[in-house]
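Descriptive structure summary
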Amino acid sequence: MKKPISLGLSLLVLGFYQAPLIHAETAPPAVAPADASLLKNGSMELDANADGWPDGWQRHKDATWVEEGGKHFIRLKSPSPGATVLLFQKIPLSSGTKGLEMKWRVRATDLKPGAQTWFDARILLEFRDAADGKLPKAPNAPYLRKSTTGWEERSVKVSVPDGAASFVFMPSLFQVETGTLDLDDFSLTVIDAPAN
């Protein structure tokens, strides 16, 4: 006498039962971490097109891509007193963004500021509207007026004005007498509007 086949096995054999499968189109979407940076390649390590410059970063004739201790970074070097070396980075913003926090690492050597109080190493900040026009009341620029003793971590929080479609930041040696500015590990994250 044949042994009875279990109901589950019978249904499986007959094709009436299918084990539950998770299909890619029905799986829950991956959620980006709350601190995901809006700035791509902030570590400056990626050079997918092998052009000797980090992807997504603007070039300048007085800037170099340097490797030190296995890490890459961008170095700005003033070619002469009063010259400006500046990198322009524009990041699109989602509507409803109220605040941003930017973090980075910086090292300054042989930094001597120029004649005016704003002739130093600074990161100029501004917001632009959908037509790429500058919005009034730009955030205060973080700055350095003397050399550092090594790498330092810096950060700034800014409120995003109504109508902002993009955030622009411009690391620079702004009309200094002399100086070298090393920049690395940038991140830009959405936060609640910072308290004034």
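Structural notes, computed from the coordinates. Keep in mind that this is a model prediction, so the values were computed, not measured.

1. What to know about the pattern of salt bridges
Within this structure, the stated rule accounts for 16 salt bridges. In this structure, Arg105 and Asp185 form a salt bridge, with 2.9 Å as the shortest nitrogen-oxygen distance. Remark: Asp185 occurs in strand S10 (residues 178-191) and Arg105 occurs in strand S5 (residues 99-112); sequence separation between them is 80 residues. Look at Arg105 and you get buried, because its relative accessible area is 19%. Note on Asp185: relative accessible area 26%, which makes it partly exposed. Residue Asp132 pairs with Arg128 through a salt bridge whose shortest N-O separation is 3.4 Å. By relative accessible area, which is 35% here, Asp132 ends up partly exposed. Here Arg128 falls in the buried class, since its relative accessible area comes to 13%. Each of Glu45, Lys71, Arg105, Asp184 and Asp185 takes part in one network of salt bridges that share partners.

2. Quick notes on the sheet that holds S10
Read from one edge to the other, the open sheet built from five strands follows the order S1-S2-S10-S5-S8, with strand pairing classed as antiparallel. Either end of the sheet is taken by a strand with one partner, and the two such strands are strand S1 (63-68) and strand S8 (152-159). Pairwise comparison of adjacent strand axes, ignoring direction, gives a mean angle of 35° for this sheet. Two strands pair when backbone bridges link them, and strand S2 (residues 71-77) and S10 are joined in this way by four bridges, in the antiparallel orientation. Among the inter-strand pairings, Arg75 is bridged to a residue of S10, identified as Asp182.

3. Thoughts on the pairing of S5
Across the 14 residues that make up S5, a large majority, 10, are buried. Bridging between S5 and S8 involves eight bridges; their strand directions are antiparallel. Counterpart to Met102 in the pairing with S8 is Val156. Relative to S10, S5 is paired through 11 bridges, and the arrangement is antiparallel. Within S10, the residue paired with Thr109 across the bridge is Thr180.

4. Looking at the packing of aromatic side chains
What describes a pair of aromatic rings is the distance from one ring centre to the other and the angle between the planes of the rings. This model, assessed by the stated rule, comprises nine aromatic pairs. When the ring of Trp118 is compared with that of Phe119, the centres are 5.6 Å apart and the planes differ by 80°; the resulting orientation is edge-to-face. Ring pairs connect the aromatic residues Trp57, Trp104, Phe127, Phe167, Phe169 and Phe186, which therefore count as one cluster. Over the ring of Trp151 we find Arg105; its NZ or CZ atom is 4.4 Å from the centre of that ring.

5. Quick notes on unusual backbone geometry
Backbone geometry places Asp132, a non-glycine residue, at a positive phi of 70°. The phi angle at Gln175 is positive, at roughly 50°, despite the residue not being glycine. Structurally, Gln175 is set in the loop between strand S9 (166-174) and S10. Given the relative accessible area of 26%, Gln175 is considered partly exposed.

6. Some words on the environment of Glu101
Position of Glu101 relative to the elements: it lies in strand S5. Along the sequence, Glu101 and Thr189 sit 88 residues apart, while their C-alpha atoms lie 5.4 Å from each other. Apart from the residues lying within four places of it in its own chain, the contact partners of Glu101 are Ser155, Val156, Lys157, Ser187, Leu188, Thr189 and Ile191.

7. Examining the nonpolar core
Within the largest apolar cluster, 35 residues are counted, with the highest numbers of intra-cluster contacts made by Leu76, Met102, Phe127, Phe167, Phe169, Leu181 and Phe186. Looking at this core, the element that brings in the most residues is S5, giving six residues. Excluding residues that lie within four positions of it along the chain, Leu181 makes contacts with Ile74, Arg75, Leu76, Val106, Arg107, Ala108, Ala121, Leu144, Ser172 and Leu173.

Criteria and thresholds
- Residues numbered from 1 in each chain as written.
- Predicted model: local features only at pLDDT ≥ 70, side-chain atom pairs only at ≥ 80, totals over all residues.
- Heavy atoms only, no water.
- Salt bridge = Lys/Arg side-chain N within 4 Å of Asp/Glu carboxyl O.
- Helix = DSSP H or I, 4+ residues; strand = E, 2+ residues; numbered from the N terminus.
- Buried < 20%, exposed > 50% of the residue type's maximum accessible area, 1.4 Å probe, protein only.
- Pairing = 2+ DSSP bridges.
- Axes fitted to C-alpha atoms, helices over the stretch in contact; angles between N-to-C directions.
- Phe/Tyr/Trp six-rings, centres within 6.5 Å; stacked < 30°, edge-to-face > 60°.
- Lys NZ or Arg CZ within 6 Å of the ring centre and 35° of its normal.
- Contact = heavy atoms within 4.5 Å.
- Core = buried A, V, L, I, M, F, W, Y, C linked by side-chain atoms within 4.5 Å.

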